[in-house]
Amino acid sequence: MWAPPALVESGAVLLSVSGLSKSFGIDIVLDAVSFRVEPREKVALVGRNGTGKTTLLRILCGELEADRGTVNLVRGAKIGYLRQDAPVSPGRTVIEEAETALARQLDLKRRLTELERRLESGASPDDLDEYALVHEHFLEAEGYSVEHDIRTVLMRVGFTEDEFSKTTESLSGGEKTRLAIARLLLEEPDLLVLDEPTNHLDLQATEWLENWISKYHGAVLLVSHDREFLANTAQRTIELRDHKVESFPGGFEKYLVLKKERDERLASVATKQAEQIA
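Residues numbered from 1 in each chain as written. Predicted model: local features only at pLDDT ≥ 70, side-chain atom pairs only at ≥ 80, totals over all residues. Heavy atoms only, no water.

Caption draft 1: Spatial organisation of the overall build of the chain. Along the backbone of the chain there are 9 helices and 10 strands. For the chain, the proportion of its 278 residues judged to be buried stands at 42%. In the chain, the proportion of contacts linking residues at least 24 apart, taken out of those at least 6 apart, comes to 67%. Carbon and sulfur atoms provide 49% of the accessible area of the chain, an area that totals close to 15,100 Å². (Helix = DSSP H or I, 4+ residues; strand = E, 2+ residues; numbered from the N terminus. Buried < 20%, exposed > 50% of the residue type's maximum accessible area, 1.4 Å probe, protein only. Contact = heavy atoms within 4.5 Å. Areas by Shrake-Rupley, 256 points an atom, 1.4 Å probe, with all protein chains shown as cover.)

Caption draft 2: Summary view of the layout of surface pockets. In this structure, the largest pocket occupies an estimated 400 Å³ of space. The set of elements that each furnish at least two residues to the lining of the largest pocket consists of β4 (42-46), α8 (227-231), β9 (236-241) and α9 (252-277). Element by element, the count of residues in the lining of the largest pocket is highest for α9, at 4 residues. When grouped by side-chain class, the residues that make up the lining of the largest pocket number 8 nonpolar, 5 polar and 7 charged. (1 Å grid on protein atoms, 1.4 Å probe; cavity = no way out; pocket = protein on both sides within 12 Å on 5 of 7 lines; lining within 4 Å. Points joined across faces, edges and corners; volume = space filled by probe spheres on them. Nonpolar A, V, L, I, M, F, W, Y, C, P; charged D, E, K, R; others polar.)

Caption draft 3: Structural context of helix α6 (residues 173-187). For α6, with 15 residues, the first-to-last C-alpha span of 21 Å sits near the 21 Å given by 1.5 Å per residue. Most of α6 sits inside the fold, with 12 of its 15 residues counted as buried. One or two steps after α6, the chain reaches Glu 188, where phi turns positive at roughly 50 degrees. (Expected span 1.5 Å × (residues − 1).)

Caption draft 4: Just the pattern of salt bridges, in detail. Inspection of the entire model under this criterion finds 15 salt bridges. One salt bridge connects Arg 58 with Glu 63, and the closest N-O pair in it is separated by 3.7 Å. One salt bridge connects Arg 262 with Asp 263, and the closest N-O pair in it is separated by 3.1 Å. A residue is classified by how much of its surface remains accessible, and Arg 262, at 9% relative accessible area, is buried. When its relative accessible area of 24% is taken as the criterion, Asp 263 is described as partly exposed. It is possible to trace a salt-bridge network through shared partners that takes in Glu 239, Arg 241, Asp 242, Glu 246, Lys 259, Arg 262 and Asp 263. (Salt bridge = Lys/Arg side-chain N within 4 Å of Asp/Glu carboxyl O.)

Caption draft 5: Layout of the packing of aromatic side chains. For the coordinates displayed, the defined rule picks out 3 aromatic pairs. Ring geometry for Phe 248 and Tyr 255: centres 5.0 Å apart, planes at 75 degrees, overall edge-to-face. In terms of burial, Phe 248 and Tyr 255 fall into one category: buried. Between the aromatic rings of Phe 252 and Tyr 255, the centroid separation amounts to 5.5 Å while the plane-to-plane angle is 40 degrees, which identifies the pairing as tilted. With a gap of 3 residues between them, Phe 252 and Tyr 255 both fall in helix α9, about one helical turn apart. Look at Phe 252 and you get buried, because its relative accessible area is 4%. The exposure class of Tyr 255 is buried, given its relative accessible area of 4%. An aromatic cluster is defined as three or more aromatic residues linked by ring pairs; in this entry it consists of Phe 248, Phe 252 and Tyr 255. A cation over an aromatic ring shows up here: Arg 178 above the ring of Phe 159, its NZ or CZ 4.7 Å from the ring centre. (Phe/Tyr/Trp six-rings, centres within 6.5 Å; stacked < 30°, edge-to-face > 60°. Lys NZ or Arg CZ within 6 Å of the ring centre and 35° of its normal.)

Honestly, it's all geometry; don't read function into it.
Structure representation (structure tokens):
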């Protein structure tokens, strides 16, 4: 029986996946898949094309139902998902789309500005109380750095200030991907799920993203064909193979070594079995 992603009380595990299965007709994609992701952990999800990596990500993010199994997320935690098609909202400029990630901080800033105008012309006790409360929330949300953060992240993923006013409808596919990445980074979810994030990034932007991920306070689940990117970011690797997953400790380079050793053992066993049959 499949249950949609559920919230559990805080603990050592941020995301827990148990017995996840998914088929499309007679085609089995996932078969009793189980794994965990800890807070702040950076995990690579690898596997050949067509093995079901994107299907698994969509189930984790609540976009697709599994046939059986459970997905549990720590209560209060947020997931941010970058899909390969990286949709952005129409009718906005580049900077307006990025600002949606920090809408609460910007709303607080606008309210502070309104209250400051009132204070200049003579404020009531209620205005003073509201200003103190809003200002406290604004400081807690690190609101004073909001506009700088938005501009910095947009420029880091490859936008120039002249492009901030471009409409989202006029953006190329690559630009939309970069804008979606910027928006997600600004949201700072507890679990960031990235499906091929480097497809439309140049070398400089890719290197910046690598550094950002390594220092990120949340967990990251990565799918990428860029081996160097995975080597510079992943702390553990989960391989999806034959509808199941296997976890490999250590970075991506260690995974390649362990995978080679495993494949050699399996090949040796297959050869011996063939000889015995013959």
